[in-house]
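Residue-level structural notes
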Amino acid sequence: MTDSVQFAGQLYPEQMTEAAEKGFKSIINNRPDLEGGPVQPTSAEIQVAAEAAGLVYVAQPVISGQITEQDVRTFAEHLNQLPKPVLVFCRSGARSNNLYQLAKQMDFLDD
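Attention in this report is confined to the structure presented alongside it. Note that the structure is a prediction, hence the values are computed from the model and not measured. (Residues numbered from 1 in each chain as written. Predicted model: local features only at pLDDT ≥ 70, side-chain atom pairs only at ≥ 80, totals over all residues. Heavy atoms only, no water.)

1. Some words on helix α3 (residues 69-81)
In an α-helix there are 3.6 residues to a turn, and that puts residues three or four apart on one side. Its 13 residues give α3 an end-to-end C-alpha distance of 18 Å, which sits within 8% of 18 Å, the value for a rise of 1.5 Å per residue. When α3 is considered as a whole, its buried residues turn out to be D71, V72, F75, A76, H78 and L79. In a view along the axis of α3, the buried residues occupy a sector of 160°, so they form one face of it. Packing partners of the buried residues in α3 comprise β1 (5-8), β2 (26-29), β3 (56-59), β4 (86-89) and α4 (94-105). (Helix = DSSP H or I, 4+ residues; strand = E, 2+ residues; numbered from the N terminus. Expected span 1.5 Å × (residues − 1). Buried < 20%, exposed > 50% of the residue type's maximum accessible area, 1.4 Å probe, protein only. Arc of directions from axis to C-beta. Contact = heavy atoms within 4.5 Å.)

Quick look at the structure:
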């Protein structure tokens, strides 16, 4: 975890205002829709709330345990371009952290 990137488990639409109040500028969602069943909010629902709170929102669903090099490249491109700090989430935060660590190891990140 760095100052410009933090990781979280599942976020909900009602948490977007709180994320903005804590100073985050962008959100990346790495969780595929319906991965957690019908109780999981959709990416579209979260995006509406994030944008209403003034956050930049990116959906990049990645299947747990099946991260590809292209997933890592795309993730790094988002991190390199989005306003920081960025809050990245998935089911538990582990998949998002794995993407970040792989992007660092592959030297895909600008910072």
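2. Let's talk about the pattern of salt bridges
This structure, assessed with the given rule, holds four salt bridges. When salt bridges with common partners are traced through the structure, they connect R31, E35 and R95 into a single cluster. (Salt bridge = Lys/Arg side-chain N within 4 Å of Asp/Glu carboxyl O.)

3. Quick word on the environment of N98
Within the secondary structure, N98 sits in helix α4. Of the residues examined, N98 reaches a relative accessible area of 41% and is grouped as partly exposed. For N98 and F7, which are 91 residues apart along the polypeptide, the C-alpha to C-alpha distance reads 10 Å.

4. Remarks on the pairing of β4
Residues V86 and V88 of β4 are buried on one face, and the alternating residues L87 and F89, pointing to the opposite face, are buried as well. Summarising the sheet, β1 and β4 pair through four bridges and their orientation is parallel. When the sheet's bridge partners are listed, V5 is paired in β4 with V86. With four bridges connecting them, β2 and β4 associate as parallel partners. What sits directly across from I28, in β4, is V88. (Pairing = 2+ DSSP bridges.)

Purely spatial values, then, with no claim about function.
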